[in-house]
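A structural walkthrough
Residue-level listing of the chains:
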Amino acid sequence: FQPLHLVIIEEPEAHLHAQVQQVFIKEAYKVLRNHPELGNKIQFHTQLLISTHSNHIAHEIDFISLRYFKRNPGIKGGLSTSTVVNLSTTFGSEDKTTKFAIRYLQTTHSDLFFADAVIIVEGPVERMLIPHFIKNQHNKLSTCYISILEIGGSHAHTLLPLLEQLGVITLIITDIDTVNTPGNKKCQPKRASNQITNNDTLKKILSKSKKLDDLYAVKFEEKLYKTHPIRVAFQTPVKVTAKDETLPYTFEDSLVMENKNLFSTLPTATGLLQKMILAAKKSDFNDSSQSMYECITAKSVKKAEFALELLYLKEPNVLNVPQYIKEGLVWMEEKLEIKQ
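These numbers were taken from a predicted model, which means no experiment stands behind them.

**Focus on the packing of helix α12 (residues 271-281) against helix α13 (residues 285-296)**
- Between α12 and α13, whose axes approach to 8 Å, the crossing angle comes to 170°. For the element pair α12 / α13, the angle class is roughly antiparallel. In contact with L272, K275, M276, A279 and A280 of α12, α13 contributes S288, S291, M292, C295 and I296.

**A short note on the pattern of salt bridges**
- Applying the stated criterion across every chain, the model contains 8 salt bridges.
- For the salt bridge of E327 with K223, the shortest nitrogen-to-oxygen distance reads 3.0 Å. Within this pair, whereas E327 is found in helix α15 (residues 323-339), its partner K223 is found in the loop between α9 (212-216) and β10 (230-233), the two being separated by 104 residues in sequence.
- Residue E327 is classed as partly exposed on the basis of its relative accessible area, which comes to 22%.
- With a relative accessible area of 4%, K223 lands in the buried category.

**Overview of the packing of aromatic side chains**
- If you walk through the whole model with that rule in mind, you get 4 aromatic pairs.
- On the basis of an interplanar angle of 50° and a centroid distance of 6.5 Å, the ring pair of F133 and F251 is categorised as tilted. Taken together, the residues F133 in helix α5 (residues 124-137) and F251 in helix α10 (residues 251-257) connect sequence positions 118 residues apart.
- Taking relative accessible area as the criterion, F251 reaches 0% and is therefore assigned buried.
- Positioned above the aromatic ring of F234 is the side chain of K223, whose terminal nitrogen or guanidinium carbon lies 4.9 Å from the ring centre.
- For the cation-ring pair, R231 lies above F220, with the distance from its terminal atom to the ring centre recorded as 3.8 Å.

**A closer look at the confidence of the model for the protein chain**
- Summary statistics for the protein chain give a mean pLDDT of 89 and a share of 98% for residues scoring 70 or more.
- Looking across the protein chain, the model is least confident in helix α4 (residues 96-106), with a mean pLDDT of 80, and most confident in α10, with 95.

**Comments concerning unusual backbone geometry**
- In this structure, P182 follows T181 across a cis peptide bond, with omega equal to -5°.
- For P182, the location among the structural elements is in the loop between β8 (178-179) and β9 (196-197).
- The backbone of N194 shows a phi angle near 60°, a positive value even though the residue is not glycine.
- With respect to the element layout, N194 can be found in the loop between β8 and β9.
- Even without being a glycine, S300 presents a positive backbone phi close to 60°.
- Structurally, the position occupied by S300 is in the loop between α13 and α14 (303-313).
- Note on S300: relative accessible area 68%, which makes it exposed.

**Considering the nonpolar core**
- Within the largest apolar cluster, 48 residues are counted, with the highest numbers of intra-cluster contacts made by I119, F133, I146, F263, F306 and M332.
- Formed by 40 residues, the second largest nonpolar core is a distinct cluster that contains F114, V118, L206 and Y216.

**What to know about the layout of surface pockets**
- Roughly 1,600 Å³ of internal volume is contained in the largest pocket.
- As for the largest pocket, its lining consists of 44 residues, and the residues nearest its centre are R67, Y68, F69, F113 and F114.
- In the lining of the largest pocket, the residues fall into 22 nonpolar, 12 polar and 10 charged.
- Put simply, the second largest pocket is a space of about 240 Å³.

Rules behind the numbers
Residues numbered from 1 in each chain as written. Predicted model: local features only at pLDDT ≥ 70, side-chain atom pairs only at ≥ 80, totals over all residues. Heavy atoms only, no water. Axes fitted to C-alpha atoms, helices over the stretch in contact; angles between N-to-C directions. Helix = DSSP H or I, 4+ residues; strand = E, 2+ residues; numbered from the N terminus. Parallel < 35°, antiparallel > 145°, perpendicular 65-115°, else oblique. Contact = heavy atoms within 4.5 Å. Salt bridge = Lys/Arg side-chain N within 4 Å of Asp/Glu carboxyl O. Buried < 20%, exposed > 50% of the residue type's maximum accessible area, 1.4 Å probe, protein only. Phe/Tyr/Trp six-rings, centres within 6.5 Å; stacked < 30°, edge-to-face > 60°. Lys NZ or Arg CZ within 6 Å of the ring centre and 35° of its normal. pLDDT = per-residue confidence, 0-100. Core = buried A, V, L, I, M, F, W, Y, C linked by side-chain atoms within 4.5 Å. 1 Å grid on protein atoms, 1.4 Å probe; cavity = no way out; pocket = protein on both sides within 12 Å on 5 of 7 lines; lining within 4 Å. Points joined across faces, edges and corners; volume = space filled by probe spheres on them. Nonpolar A, V, L, I, M, F, W, Y, C, P; charged D, E, K, R; others polar.

Right under this line is the structure:
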């Protein structure tokens, strides 16, 4: 035997379906060490090196063992190069943020390692509807490999070290999460009322004042994160007349407000969707906005059912994309076009 037992496997997923890929990667190293002279002995070392494009295989490997090949486009038509990113420097820490990121990725078949771009969303409604927005209104994005991860806005910033390392184009779609001061109790957004955001991701990425009025004043180019292609999107005022506006609290009321006429003509529904339909029917936009806020912040509200029933009643291609999301998707299209 040689002191080093090196086995190299190229893209085993080419011959295995998803379930077998996971079983294979779990058992392969054990099989290689299944010899009387190997096993738990340390005289001879076995190293298994696998190249893959499979998120099923990547999901079963200890993240510390991953090496990511990041493509660097050539300058002015020159040759492209690759940088090998050692993810042990990202996942090798024992702090709470790193542990949370590992646990989260281990509970999802995350394909962000192989994606052209990543969209991080707040909840199940965005997770279900944004693919339709991309398919129907952003054709360039629909030709790319977009990974959509559902993780609450207060936790999205925990993935920033990984996203920085990968250099992948990322759009974080999150909620403004307004609270009053003092007291830090959630409240309907209102200008000039000393409200602040309670969203850790917004506070970390924007690195500006937490005040609601200051957030509304943030310019488009200021929503980028440092030097990396990471952009944050959060609810912005919706114009209802030439002079009047309403201030959404979440994705749901932003969607309804920007499609108020459509929602007011929907047939009778159930649950949250029915409440939002009734709110949309109100002629006074202040009353309508207040009703929507009360609906979406009520206890035991079922937002996922809202999206499912909406998809059942209406073709998603007729929905207007909320402006704060639209500007983020347009930015992502432009970034991917430059990259390609």
